[in-house]
Amino acid sequence: MRSSRIQNPLLFLALSAVSLGANAHTGAPSHAHNSFFDGLMHPLFGMDHLAAMVAVGLWSALAARRAGPELLWGPAGFAAMLLAGAAVGLQGVAMPAVEPMIAASLLATGLLVVSRLRVPGIVAALGVGVFAVFHGAAHGYELAGSHSAWQTLAGMLAATVLLHCAGLAAGWALRQRHVWVARLAGAGVAAFGGVLLMARMA
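The rules behind the values
- Residues numbered from 1 in each chain as written.
- Predicted model: local features only at pLDDT ≥ 70, side-chain atom pairs only at ≥ 80, totals over all residues.
- Heavy atoms only, no water.
- Helix = DSSP H or I, 4+ residues; strand = E, 2+ residues; numbered from the N terminus.
- Buried < 20%, exposed > 50% of the residue type's maximum accessible area, 1.4 Å probe, protein only.
- Contact = heavy atoms within 4.5 Å.
- Areas by Shrake-Rupley, 256 points an atom, 1.4 Å probe, with all protein chains shown as cover.
- Axes fitted to C-alpha atoms, helices over the stretch in contact; angles between N-to-C directions.
- Left-handed = near helix turned anticlockwise from the far one by under 90°.
- Nonpolar A, V, L, I, M, F, W, Y, C, P; charged D, E, K, R; others polar.
- pLDDT = per-residue confidence, 0-100.
- Expected span 1.5 Å × (residues − 1).
- Parallel < 35°, antiparallel > 145°, perpendicular 65-115°, else oblique.
- Patch = residues over 30% accessible without salt bridge, like charges linked within 9 Å, V, L, I, M, F, W, Y side chains within 5 Å.
- Salt bridge = Lys/Arg side-chain N within 4 Å of Asp/Glu carboxyl O.

1. As for the overall build of the protein
Secondary structure assignment for the protein yields 8 helices and 0 strands. Counting helices and strands in the order they occur from the N terminus, the protein gives α-α-α-α-α-α-α-α. The buried share among the 202 residues of the protein stands at 48%. Considering only contacts in the protein between residues 6 or more positions apart, those separated by 24 or more positions represent 87%. Working note: accessible area of the protein is about 9300 Å², and carbon and sulfur atoms make up 71% of it.

Next up, the structure:
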């Protein structure tokens, strides 16, 4: 029983950190986003978004002193600011440096997982929230003019929450005796972000 509890988060983390060579925004093309289901699936197939959202949950679980509301500051801040960024993008506003900032979010959140840096809840929410604005803006701009934009964004938000929860569960399961596995996944996310950032800045 104990070994299966350990293997499940290990498998999840291994799959989450797999594609260090993938390009940013590898999800479905924007013209395919026309329903809640499309929005739900997009972050699951865009490795940049998936890795960032899982890493936020991992970090929140690893850095928390105890179970409770403290676990939710980072995920809640990310989800709220993702929605705010999406609202800006839906107005047709193209924010500068979106792709480099998405790559930087992977580098930053990966390093947070590795370090288990503990900060006050509001700082955690605002810190990851800054990056989430750019994730949301990228989605919103892709959907500008779509008749079902908010329906699609609702699916994306639902996927974001699910990925945060997956990261929280994996991080909580590994925070005591197998924290090195979570840190290894964090290092993979940071490396992925670093490679993408150098490519975007070139």
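2. Comments concerning the environment of A76
Mapped onto the fold, A76 is located in helix α4 (residues 73–90). Separated by 85 residues in sequence, A76 and V161 place their C-alpha atoms 8.5 Å apart.

3. Section: the packing of α4 against helix α6 (residues 121–143)
Where α4 meets α6, the axes come as close as 5 Å, and the angle between the chain directions of the two elements is 30°. As α4 runs across α6, the sense of the crossing is right-handed. Tallied by class, residues from the contact of α4 with α6 come to 15 nonpolar, 10 polar and no charged.

4. Some words on the confidence of the model for the protein
Averaged over the protein, the pLDDT score is 85; the fraction of residues at 70 or greater is 84%. For the protein, per-element mean pLDDT is lowest for helix α1 (residues 2–16), which scores 45, and highest for helix α5 (residues 98–115), which scores 96. Taken as a whole, residues 9–32 scores under 50 in pLDDT and shows 47 contacts with residues more than four places along the chain or in a different chain.

5. Observations concerning α4
In this model, α4 (18 residues) spans 26 Å end to end at C-alpha, consistent with the 26 Å of a helix rising 1.5 Å per residue. Along its buried surface, α4 packs onto α3 (47–63), α6 and α7 (149–174). Phi turns positive one or two residues past the end of α4, at G92, with a value near 85°.

6. Notes on the packing of helix α2 (residues 36–45) against α3
For the pair α2 and α3, the least separation of the axes is 5 Å and the interaxial angle reads 85°. In terms of orientation, α2 lies roughly perpendicular with respect to α3. For the pair formed by α2 and α3, the contact residues are H42, P43, L44 and F45 on the first element and M47, H49, L50 and M53 on the second. A class-by-class count of the residues in the contact of α2 with α3 yields 6 nonpolar, 2 polar and no charged.

7. So, unusual backbone geometry
Peptide bonds are mostly trans, and most non-glycine residues show a negative phi. In this model, A97 sits at a positive phi of 60°, which is unusual for a non-glycine residue. Mapped onto the secondary structure, A97 falls in the loop between α4 and α5. At R116, a position not held by glycine, the phi torsion is positive, near 55°. Inspection of the secondary structure assignment puts R116 in the loop between α5 and α6.

8. Concerning a nonpolar patch on the surface
A surface patch of nonpolar side chains, about 390 Å² in accessible area, is lined by W73, I122, V123 and L126. Sort the elements by how many residues they give to the nonpolar patch and α6 lands first, with 3 residues. Within the element layout of this structure, V123 appears in helix α6.

9. Considering the side chain of S60
Structurally, S60 is set in helix α3. The buried category is assigned to S60, whose relative accessible area is 8%. Dropping the residues within four chain positions of it, S60 is found in contact with L71, G74, P75 and L168.

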